[in-house]
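Notes for the structure review
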Amino acid sequence: DTVPPPPAYRLSGLIEIEMPRTASVKMGVDPKTIVLNHTSGIVRYVVVARGPSAVNATYEGIRCATGEFRIYARQVQ
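Notes on the structure follow. (Residues numbered from 1 in each chain as written. Predicted model: local features only at pLDDT ≥ 70, side-chain atom pairs only at ≥ 80, totals over all residues. Heavy atoms only, no water.)

1. Comments concerning the environment of alanine 49
We count it as follows: Here a helix means four or more residues in a row that DSSP labels H or I, a strand means two or more in a row labelled E, and each is numbered from the N terminus. When a residue's accessible area, from a 1.4 Å probe over protein chains only, is under 20% of the maximum for its type it is buried; when over 50% it is exposed; and in between it is partly exposed. The criterion used for residue contact is that any of the two residues' heavy atoms lie within 4.5 Å.
The topology assignment puts alanine 49 in strand E4 (residues 42–50). Taking relative accessible area as the criterion, alanine 49 reaches 16% and is therefore assigned buried. Each C-alpha atom of the pair alanine 49 and phenylalanine 69 lies 18 Å from the other, and the pair is 20 residues apart in sequence. Excluding anything up to four places from it in sequence, alanine 49 contacts Val25, Lys26, Met27, Ala54, Val55 and Asn56.

If you want it as structure tokens, here you go:
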């Protein structure tokens, strides 16, 4: 399965990932980056972590049938 390049992502409209109340980092998935490859069964998406002084993003994939998980790319701002 050839991995496509990471899609562009947005900081607005993220689906928030629940974090502990004491966490200073907010995390979310950009719903516009979610893609299902029907052939391989892999779901790919971009997760964005926003902290007080930085924004980090990871391009990730998961094969739900087997529980396999992979990070394809990282971006630090």
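2. Topic: the nonpolar core
Here is the rule: In plain words, nonpolar cores are sets of buried Ala, Val, Leu, Ile, Met, Phe, Trp, Tyr and Cys residues tied together by side-chain atoms within 4.5 Å.
In this structure, Leu14, Val46, Val48, Val55, Ala57 and Tyr59 together form the largest nonpolar core, which totals six residues. Of all the secondary structure elements, the ones that give two or more residues to this core are E4 and strand E5 (55–63). Of all the elements, E5 adds the most residues to this core, at three residues. Here valine 55 is in contact with Leu11, Val48, Ala49, Arg50, Gln75, Val76 and Gln77, once residues within four sequence places are set aside.

3. Let's talk about the pairing of strand E6 (residues 68–76)
Every other side chain in a regular strand lies on the same face of the sheet, so the side chains alternate between the two faces. Going by this rule: Strand pairing is defined by DSSP finding a minimum of two bridges between the two strands.
With eight bridges joining them, E5 and E6 adopt antiparallel strand pairing. Bridge pairing in E6 links tyrosine 59 to alanine 73. Counting the residues in the hairpin turn of E5 and E6 gives four residues, including glycine 67, whose phi is positive at 75 degrees.

4. Topic: the pattern of salt bridges
Threshold: We define a salt bridge as a contact between a side-chain nitrogen of Lys or Arg and a carboxyl oxygen of Asp or Glu at a distance within 4 Å.
Under the definition given, this model contains three salt bridges. One salt bridge connects arginine 10 with aspartate 30, and the closest N-O pair in it is separated by 3.4 Å. One end of the pair, arginine 10, is in the segment before strand E1 (15–17); the other, aspartate 30, is in the loop between strand E2 (26–29) and strand E3 (35–37), with 20 residues separating them in the sequence. Salt-bridge contacts for glutamate 68 lead to arginine 63; the nearest nitrogen and oxygen are separated by 3.0 Å. On the accessibility criterion, arginine 63 (25% relative accessible area) is partly exposed.

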